[in-house]
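Observations on chain architecture
In case you want the letters, here they are:
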Amino acid sequence: MTDADLVIIGNGMACHKLLADLVQHPNRPARILVFGAETKAAYNRVLLSSLLAGELADEAAELSPADWYQQHQIELVLGDAIVHLDKHNKQLISRSGLVVRYQQLVLALGAEATTPPYAKTALPGLCTFRNWQDLEQLRQVAAKGGKALVLGGGFLGLEAAEGLRKQGMQVSLLQRSGYLLNRQLDPAAAILLQQQLEHRGLTIYTHASVSTLLQQDQKFSGVVLTDGRQLEADVLVMALGITPNIQLAQQAGLKTDQGICVDAQLRSSDPDIFALGECCQFGEHTFGLVAPIAAQAQVLAAVLSGQNAGYQLSDSSTQLKISGIQLSSCGDIPALLQQQDLQQFCYQDQQHHDYRRLWLDKESRLVGAVCLGDTSLSGFYAELINQQKAVSCSTELLFGPAQQAA
């Protein structure tokens, strides 16, 4: 039996940001124990695609040196997931049989890759792209060459496709909707992005949904689309988004919905249990981006150190770099595209592959922005959206505060 003032389950990016904030507080919990299901200490998941593409060395993804935890009197247990949570006795049991009692508990359980029903059965050649083990598997796949299908035209799908293409594979990407990044971009920006990616060697199918998997010699060999087309491939990479890991919370009787329900202090339905990052749900919102999760970690570090703090939603710019192509998005773009009463301003420089589109409401407040190519104004646009102040000149908006002062 082991006792700890604070136990954190999960050693991903959210946990590491929480720990980095906690060690700055003089009144932090004295004994902190962290359990990580992976055998590797916390790493920057955002860089997995760059590692797959061979653009960075593995060391670049490390979030802290090997001895960082010990230096800050944090005990780290890797490769040993927690399998049972008894909230009434404040007790945990790990897969290896370790029993731990906690005073306070943080669930930083992350999320798992969403898998379609037709791919629930394990089949050689089916992959996800979510963690270090997936990275290693895709590296082995890419080393053999051949054809790859990537399922999903979101951030992760595009990054996986480009990473495999750079390793020499023939890559086709399947997007169910009519255009890429349909949650972040408008159709015009998505078409420009698709043209650039196709020019680099990707084959992209939109309005493409899989109905059946093909197999040969008990291995994946291709797909049949709902329109009847057949596509051959050696591997299928599923990048269809994430599903919060809430099974442990459900087993313990905590309130859950899509994620583990938390209040502004990131506290669950049990006053001594908190949830953070991709596994939690605040109001109607779940989280998958770095910026809001980092803000949650900062608030939770203060709360666990005895301070008053509360998490608030804010609109931060979503930014992505795909093989040198920069893009950013602010606001609820799919909803804005459905509204007919908004002012819209657009700028495009075809020679330099720059595109910007802005949406203003009836009160001339900025409510959305898409940038492709030059994303230097993305932070400026996010700040304006959060301020909710009326803006007066569309030309100045399109070219930023530096132009405004000129």
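Presented here is a report on the structure given in the accompanying data block. Keep in mind that what you see is a predicted model, and the values were worked out from it rather than measured. (Residues numbered from 1 in each chain as written. Predicted model: local features only at pLDDT ≥ 70, side-chain atom pairs only at ≥ 80, totals over all residues. Heavy atoms only, no water.)

1. Some remarks on the overall build of the chain
Each helix and strand in the chain was counted, giving eleven helices and 25 strands. A principal-axis box enclosing the C-alpha atoms of the chain has dimensions of 65 × 65 × 35 Å. Counting across all 406 residues of the chain, residues that qualify as buried make up 50%. Across the chain, every contact between residues at least 6 apart in sequence was considered, and the portion connecting residues at least 24 apart equals 62%. In the chain, the 29 positive side-chain charges and the 39 negative ones have mean positions that sit 2 Å from each other. (Helix = DSSP H or I, 4+ residues; strand = E, 2+ residues; numbered from the N terminus. Buried < 20%, exposed > 50% of the residue type's maximum accessible area, 1.4 Å probe, protein only. Contact = heavy atoms within 4.5 Å. Lys, Arg positive; Asp, Glu negative; His and termini not counted. Charge placed at Lys NZ, Arg CZ, Asp CG, Glu CD.)

2. Examining the sheet that holds strand β24 (residues 354-360)
The antiparallel open sheet is built from five strands, whose spatial order is β21-β22-β25-β24-β23. Strands at the two margins of the open sheet, each flanked by one partner only, are β21 (318-322) and β23 (343-349). On average, each strand axis in the sheet is tilted by 10 degrees relative to the strand beside it, whichever way the strands run. Note that β24 and strand β25 (residues 366-372) share six bridges and pair antiparallel. From the neighbouring strand, Leu358 faces β25, where its bridge partner is Ala369. (Pairing = 2+ DSSP bridges. Axes fitted to C-alpha atoms, helices over the stretch in contact; angles between N-to-C directions.)

3. With respect to helix α6 (residues 187-199)
Counted at 1.5 Å a residue, the expected span for α6 with its 13 residues is 18 Å, and the 18 Å between its end C-alpha atoms agrees. Gly201, located one to two residues past α6, shows a positive phi value of around 125 degrees. (Expected span 1.5 Å × (residues − 1).)

4. Notes on the pattern of salt bridges
As enumerated under the stated definition, the model contains 15 salt bridges in all. For Arg357, the salt bridge identified is with Asp186, shortest N-O distance 2.9 Å. Here the residue Arg357 occupies a position in strand β24, and Asp186 occupies one in the loop between β10 (170-174) and α6, the gap between them amounting to 171 residues. Note on accessibility: Arg357 and Asp186 belong to one class, buried. With a closest N to O distance of 3.6 Å, Lys362 and Asp341 form a salt bridge. Taken as a pair, Lys362 in the loop between β24 and β25 and Asp341 in the loop between α9 (333-338) and β23 lie far apart in primary sequence, 21 residues in all. Judged by relative accessible area, which is 62%, Lys362 ranks as exposed. (Salt bridge = Lys/Arg side-chain N within 4 Å of Asp/Glu carboxyl O.)

5. Brief notes about the packing of helix α1 (residues 13-22) against helix α8 (residues 290-304)
α8 packs onto α1 with a crossing angle of 40 degrees between their chain directions and a minimal axis gap of 8 Å. As judged from the angle between their axes, α1 and α8 are oblique. For the pair α1 and α8, the crossing hand works out as right-handed. Across from Met13, Ala14, Lys17, Leu18, Asp21 and Leu22 in α1, the residues of α8 making contact are Val290, Ile293, Ala294, Ala297, Gln298, Leu300, Ala301 and Leu304. (Parallel < 35°, antiparallel > 145°, perpendicular 65-115°, else oblique. Left-handed = near helix turned anticlockwise from the far one by under 90°.)

6. A closer look at the packing of aromatic side chains
Aromatic ring pairs are defined here through the distance separating the ring centres and the angle between the ring planes. A full pass over the atoms with the stated rule returns six aromatic pairs. Ring geometry for Phe287 versus Tyr311: centroids 5.9 Å apart, planes at 80 degrees, classification edge-to-face. With Phe287 in the loop between β20 (285-286) and α8 and Tyr311 in the loop between α8 and β21, this residue pair connects regions lying 24 residues apart in the sequence. Taken together, Phe282, Phe287 and Tyr311 form an aromatic cluster joined through their ring pairs. One residue, Lys40, lies across the ring of Trp132, its end atom 4.3 Å from the ring centre. (Phe/Tyr/Trp six-rings, centres within 6.5 Å; stacked < 30°, edge-to-face > 60°. Lys NZ or Arg CZ within 6 Å of the ring centre and 35° of its normal.)

7. Things to note about the environment of Phe287
With a relative accessible area of 7%, Phe287 lands in the buried category. Placed 40 residues apart in sequence, Phe287 and Leu327 show a C-alpha to C-alpha distance of 20 Å. Beyond its immediate sequence surroundings of up to four residues, Phe287 is in contact with Ile242, Gly277, Glu278, Cys280, Phe282, Pro292, Ile293, Gln296, Tyr311 and Leu313.

8. Side note on the side chain of Lys87
For Lys87, the location among the structural elements is in the loop between β4 (82-86) and β5 (91-94). One polar contact links the side chain of Lys87 to the main-chain carbonyl oxygen of Gly253, over a distance of 3.3 Å. Aside from chain neighbours lying at most four places away, what touches Lys87 is Tyr102, Ala252, Gly253, Leu254, Asp270 and Ile273. (Polar contact = N/O pair within 3.5 Å; in protein donor to acceptor, adjacent residues only side chain to side chain.)

9. Concerning the side chain of Asp21
By the secondary structure assignment, Asp21 is in helix α1. Apart from the residues within four sequence positions on either side, Asp21 is in contact with Ala294, Ala297, Gln298 and Ala301.

10. Some thoughts on the environment of Ala37
Mapped onto the fold, Ala37 is located in the loop between β2 (32-36) and α2 (48-52). In the structure, Ala37 is positioned 41 residues away from Leu78 in sequence and 6.0 Å away in space, judged by C-alpha atoms. Ignoring sequence-local partners within four residues, the contact set of Ala37 consists of Gly79, Asp80 and Ala81.

11. Overview of the nonpolar core
Counting residues in hydrophobic clusters, the biggest one holds 53 residues, and the most contacted among them are Val7, Ile8, Leu18, Leu19 and Leu107. No other element matches the seven residues that α8 contributes to this core. What Leu18 contacts, discounting residues up to four positions off in sequence, is Ile8, Val106, Leu276, Ala297, Leu300, Ala301 and Leu304. Ala189, Ile325, Leu336 and Leu372 belong to the second largest nonpolar core, which has 47 residues in total. (Core = buried A, V, L, I, M, F, W, Y, C linked by side-chain atoms within 4.5 Å.)

12. Description of helix α5 (residues 155-166)
For α5, which comprises twelve residues, the first-to-last C-alpha distance of 17 Å matches the rise-based estimate of 16 Å (1.5 Å per residue) to within 8%. The element α5 is extensively covered by neighbouring structure, given that ten of its twelve residues are classed as buried. Restricting attention to buried positions, one finds in α5 the residues Phe155, Gly157, Leu158, Glu159, Ala160, Ala161, Glu162, Gly163, Leu164 and Arg165. Just downstream of α5, Gly168 is the residue with a positive phi angle, here 100 degrees.

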